[in-house]
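The chain contents come next:
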Amino acid sequence: METLLEVKNLIHRYNQKVVLDIEGFELSKGEVLALIGPNGAGKSTFLRILNLLEKPTQGIVNIFGITPINNRQRHNLRKKMVMIFQEPLLFKSTVYNNVSYGLRMRKKNKDFIKNKVLEALEKFGISHLINRQAGTLSGGEAQRVSLARALVLEPEILLLDEPFAALDQPTREELRDDLYKIIRRENQTTLHVTHDRNEALVISDNVAVMNEGEILQRGRTEDVFNKPIDEFVANFLGVETILYGKITSKSDGLCIVNINNHKLEVVSDLEVGKRVITCIRPENVTLLKYSLKAPLTSARNSFISTIKDISSYGLVYRVIMDCGFNLTSFITKESLDRLNLKIGEKIIANIKATSIHLLSRK
Ligand code: ADP
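Residues numbered from 1 in each chain as written. Predicted model: local features only at pLDDT ≥ 70, side-chain atom pairs only at ≥ 80, totals over all residues. Heavy atoms only, no water.

With that settled, consider the overall build of the chain. When its secondary structure is counted, the chain shows 11 helices and 19 strands. With respect to the principal axes defined by its C-alpha atoms, the chain has extents near 75 × 45 × 35 Å. A total of 362 residues make up the chain; the buried ones form 48% of that total. Counting only contacts in the chain whose residues sit at least 6 apart along the sequence, the fraction spanning at least 24 positions is 66%. For the chain, the separation between the mean place of its 51 positive charges and that of its 42 negative charges on side chains is 3 Å. (Helix = DSSP H or I, 4+ residues; strand = E, 2+ residues; numbered from the N terminus. Buried < 20%, exposed > 50% of the residue type's maximum accessible area, 1.4 Å probe, protein only. Contact = heavy atoms within 4.5 Å. Lys, Arg positive; Asp, Glu negative; His and termini not counted. Charge placed at Lys NZ, Arg CZ, Asp CG, Glu CD.)

In space, the five strands of this open sheet follow the order S12-S11-S10-S13-S19, with antiparallel pairing throughout. This sheet does not close on itself; its edge strands, each paired only once, are strand S12 (262-267) and strand S19 (356-361). In this sheet, adjacent strand axes meet at a mean angle of 40° when their direction is disregarded. Pairing of strand S13 (residues 275-280) with S19 involves six bridges; the strand directions are antiparallel. In the strand pairing of S19, Ile277 is matched with Leu359. (Pairing = 2+ DSSP bridges. Axes fitted to C-alpha atoms, helices over the stretch in contact; angles between N-to-C directions.)

Let's shift gears to the confidence of the model for the chain. When pLDDT is averaged across the chain, the result is 94; 98% of the residues are at 70 or more. Per-element averaging of pLDDT across the chain places helix H10 (residues 295-298) at the bottom with 51 and strand S9 (residues 214-220) at the top with 98. (pLDDT = per-residue confidence, 0-100.)

Turning to the packing of aromatic side chains, a few remarks are in order. Two numbers describe a pair of aromatic rings. These are the distance of the centres and the angle of the planes. Here the structure, examined in full by the defined rule, presents five aromatic pairs. Aromatic pair Phe232 and Phe236: ring centres 6.0 Å apart, planes at 5°, arrangement stacked. Linking Phe232 with Phe236, this pair stays in helix H9 (residues 231-236), spanning four residues, or about one helical turn. Phe236 sits in the buried class, given a relative accessible area of 17%. (Phe/Tyr/Trp six-rings, centres within 6.5 Å; stacked < 30°, edge-to-face > 60°.)

Attention now moves to the site of the ligand. Every residue near the ligand is listed here: Tyr14, Lys17, Val19, Pro38, Asn39, Gly40, Ala41, Gly42, Lys43, Ser44, Thr45 and Arg48. In this structure, an oxygen atom belonging to the ligand sits 2.9 Å away from a side-chain N or O atom of Lys43. Between an oxygen atom of the ligand and a side-chain N or O atom of Thr45, the distance comes to 2.5 Å. Here the ligand, which alone exposes 570 Å², has 61% of that area covered by the protein. If you list the elements that add at least two residues to the shell around the ligand, you get strand S2 (17-28) and helix H1 (43-50). For the shell around the ligand, the leading source of residues is H1, giving four residues. Among the residues forming the shell around the ligand, the class breakdown is four nonpolar, five polar and three charged. (Near = heavy atom within 4 Å. Polar contact = N/O pair within 3.5 Å; in protein donor to acceptor, adjacent residues only side chain to side chain. Areas by Shrake-Rupley, 256 points an atom, 1.4 Å probe, with all protein chains shown as cover. Nonpolar A, V, L, I, M, F, W, Y, C, P; charged D, E, K, R; others polar.)

The subject of this paragraph is the pattern of salt bridges. Where side chains of opposite charge bring their charged atoms close, a pairing between them can arise. Across all of its chains, the model carries 15 salt bridges by this definition. Between Glu54 and Arg48 there is a salt bridge, with the nearest N and O atoms lying 2.8 Å from each other. Judged by relative accessible area, Arg48 falls into the partly exposed class, the value being 27%. Close ionic contact of Glu154 with Lys116 constitutes a salt bridge, the shortest N to O distance being 2.8 Å. Here Glu154, found in the loop between helix H5 (139-151) and strand S6 (157-161), pairs with Lys116, found in helix H4 (residues 110-123); they are 38 residues apart in sequence, far enough to count as distant. Accessibility expressed as a relative area gives 18% for Lys116, which makes it buried. (Salt bridge = Lys/Arg side-chain N within 4 Å of Asp/Glu carboxyl O.)

Looking now at a negative patch on the surface. A cluster of acidic residues, Asp21, Glu23, Glu212 and Glu214, forms a negative patch on the protein surface. Relative to the elements of secondary structure, Glu212 occurs in the loop between strand S8 (206-211) and S9. (Patch = residues over 30% accessible without salt bridge, like charges linked within 9 Å, V, L, I, M, F, W, Y side chains within 5 Å.)

Okay, the environment of Asn109 next. With respect to the helices and strands, the residue Asn109 is situated in the loop between helix H3 (95-105) and H4. Of the residues examined, Asn109 reaches a relative accessible area of 48% and is grouped as partly exposed.

With 14 residues, H4 should cover 20 Å at 1.5 Å per step; its first-to-last C-alpha distance of 20 Å lies within 8% of that length. Where H4 is concerned, the buried positions are Ile113, Lys116, Val117, Ala120 and Leu121. Viewed along the axis of H4, the buried residues span an arc of 130°, placing them on a single side of the element. Exposed residues on H4 whose side chains face more than 90 degrees from its buried face are Asp111, Asn115 and Glu122. A distance of 3.0 Å separates the backbone nitrogen of Asp111 from a side-chain oxygen at the start of H4, and that oxygen is part of Asn109. Looking one or two places after H4, you find Gly125, whose phi comes out positive at around 65°. (Expected span 1.5 Å × (residues − 1). Arc of directions from axis to C-beta.)

Take a look at the structure:
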């Protein structure tokens, strides 16, 4: 796959403080990468450097095979990328004038511009807003206009810096879904900065997790979510149960992990005697009624647990249980009703040996 963007040995400092330290980073043509990390991790700074708005203190930023050394080169490379921010930056004029601006600057002919603008407005479902003044638009409409204005230029790289963060939830989800349909259809290379792991999970092929200026892990979204590289990444990506234990025996790739004198069976490459951090995602813990005792014998990890807490968590419910150690499960409203779960009651929690991830501990 062709590399569009490459970074090597990048260090960036503000007032002597290192805010970015990235050994290597690449973005390939057609890739949709989510860059996630907590506030202050350095995501926006990194994006500004990639967009050549800021020069790194040290290191190489190579775009389309070119490392720009002067402003003219920087200017020419910047024309091939567009960046969208949290707040849409529209100027005081009509939607048409806003969306056509970049093409007018590029001295395209009138008919070409008109066709492209109409097409872009249509794509984002805002054709009816064509003559509206930018100042009269809602937040969601304004962000649609700013995306149309960016994508009408057919950029090689789309850089998104939390573009939905200022919108209310239904507006955000609608715009996100529409934008991602367009990105997929047009095979648009995209780097999307977000602090929302669910957004990353929904939108991206690949994900990079950043903290304190470093990229801790980068890989296929599913792999990173299921096999986090360390405890920070596990935590940040929503692994709710993190337990310390030790591998006490192993046969045919199946490890027995001792946690507080409870045994967990886990498929892992790690060796006997290793001290481990056990990561269990809440989606991978299924619940069964206590009265149905049969599953206890068939499932590898089956625990009689006492329900300690039930709370709503977006579209699912979070159930915290005590089974000798604390265990968290996410279940749907339908399961909650069917199982008739109540705090203080017993339940059977099952976890597949293949859906537990072990990290080596020193
Ligand atoms: P994120 O986008 O992940 O929230 P930022 O890139 O905004 O993180 O910030 C990374 C770090 O750099 C933070 O500690 C922030 O305070 C600092 N920082 C960002 N911009 C500046 C600036 N212009 N001057 C000084 N410090 C800055």
